[in-house]
Amino acid sequence: MSNKNICIAIDGYAGTGKSTIGKILADTIGFRFLSTGSLYRAIAYQCLLKSVDVNNIREVLSVLAETSLDLVYEHGTNTILINGERVLDFALRTREVESATSIVAKYPEVRERVLSLQKDLVSSENIVLEGRDIGTVVVPDAQYKFFFTASPEVRAWRRFRQQQNAGENTTFDEVLTDIMARDIEDIKREVSPLVPARDAIIVDTADVSLCDVIHMVYSELNINANSEDNSSIVLAQ
Ligand code: DC
């Protein structure tokens, strides 16, 4: 990296707790946090809004060409602006948007657009970025890299409980099928597939509490959370 900003990259499988842990960690150390999947979700959302068939790359690219994507960060929360209009986060989290996202995220032009937004952020501030290709493609020279994993059954069980609490009418088997399909999409993607960076610390979140994972990640960082001046942060490696 050409400046002194610190990037903590958290990659890994869907449902391993990357977002939850990344957000808590970022709040603790005073870094910005971004779940990069929301940028891919925003592009898929816009395609659906324009009634575009996401399997048709030409249609997706024409939407991309006429769409501006920006981020504003207020009160510790990112809001995505599509063509200057705010998009509510819950609108990006529907099942329909989720399945369209795994298709649009395969297109190199879509990834290029999202990549440049991510690079702008990394060059402007200290950040925790969560995604699939942060440590390998987006910020290969990130100071800290973690790769979260857990068995599909454990992840499906977590998602299933979340969905039950949200009043959604899904079965455990449906959630497990979704999770396994997303794993295949992520691993088999030709551009930026999900793979641990060679220098990433692998974190299996299956049989450990949220607190333990946060503690483990935090202890690797060697960061003084009480410091108001980030220049006193000591790098662990
Ligand atoms: O993490 P998430 O569920 O919000 O991700 C949504 C989709 O975006 C998922 O299909 C994986 C994809 N994604 C990606 O390809 N690269 C990233 N860095 C982040 C997400």
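Definitions and cut-offs
Residues numbered from 1 in each chain as written. Predicted model: local features only at pLDDT ≥ 70, side-chain atom pairs only at ≥ 80, totals over all residues. Heavy atoms only, no water. Pairing = 2+ DSSP bridges. Helix = DSSP H or I, 4+ residues; strand = E, 2+ residues; numbered from the N terminus. Axes fitted to C-alpha atoms, helices over the stretch in contact; angles between N-to-C directions. Near = heavy atom within 4 Å. Polar contact = N/O pair within 3.5 Å; in protein donor to acceptor, adjacent residues only side chain to side chain. Nonpolar A, V, L, I, M, F, W, Y, C, P; charged D, E, K, R; others polar. Salt bridge = Lys/Arg side-chain N within 4 Å of Asp/Glu carboxyl O. Buried < 20%, exposed > 50% of the residue type's maximum accessible area, 1.4 Å probe, protein only. Parallel < 35°, antiparallel > 145°, perpendicular 65-115°, else oblique. Left-handed = near helix turned anticlockwise from the far one by under 90°. Contact = heavy atoms within 4.5 Å.

Draft legend 1. Representation of the sheet that holds strand S7 (residues 144-149) within the structure. Pairing is parallel in the open sheet, where five strands are placed in the order S2-S6-S1-S7-S8. The open sheet has two free edges, formed respectively by strand S2 (32-35) and strand S8 (201-204), since each of these has just one partner strand. Taking each pair of neighbouring strands and ignoring which way they run, the sheet shows an average axis angle of 20°. Note that strand S1 (residues 7-12) and strand S6 (residues 127-131) share five bridges and pair parallel. Across the sheet, the residue bridging to alanine 9 is leucine 129, located in S6.

Draft legend 2. Focus on the site of the ligand. Around the ligand, a shell composed of 16 residues is seen, among which Arg41, Arg111, Arg132, Asp133 and Arg182 lie nearest. Contact distances for the ligand include 3.1 Å between a nitrogen atom and a side-chain N or O atom of threonine 36. Between aspartate 133 and the ligand, the recorded distance is 2.9 Å, taken from a side-chain N or O atom to a nitrogen atom. The set of elements that each furnish at least two residues to the shell around the ligand consists of helix H2 (37-49), helix H4 (95-104), S6 and helix H8 (172-188). Broken down by element, the shell around the ligand gets its largest block of residues, three residues, from H2. Grouping the amino acids of the shell around the ligand by side-chain chemistry returns two nonpolar, five polar and nine charged.

Draft legend 3. Focus on the pattern of salt bridges. As enumerated under the stated definition, the model contains 14 salt bridges in all. The shortest N-O distance in the salt bridge between lysine 145 and aspartate 199 comes to 3.0 Å. With lysine 145 in strand S7 and aspartate 199 in the loop between H8 and S8, this pair connects stretches of sequence that are 54 residues apart. The residue arginine 155 makes a salt bridge to aspartate 183 at a minimum N-O spacing of 2.7 Å. A residue pair is termed long-range when its members are at least 10 positions apart, and arginine 155 in helix H7 (residues 152-165) and aspartate 183 in helix H8 qualify at 28 residues. The exposure class assigned to arginine 155 is buried, which follows from its relative accessible area of 1%. Linked through salt bridges whose partners overlap, the residues forming this network are Arg41, Glu98 and Arg182.

Draft legend 4. Geometry of the packing of H7 against H8. Packing of H7 against H8 leaves a shortest axis separation of 9 Å and a crossing angle of 125°. The angle between the axes of H7 and H8 places the two elements in the oblique class. Handedness of the H7/H8 crossing: right-handed. For the pair H7 and H8, contact is made by Pro152, Glu153, Arg155, Ala156, Trp157, Arg159, Phe160 and Gln163 and by Phe172, Val175, Leu176, Ile179, Met180, Arg182 and Asp183, respectively. Taken together, the residues of the contact of H7 with H8 break down into nine nonpolar, one polar and five charged.

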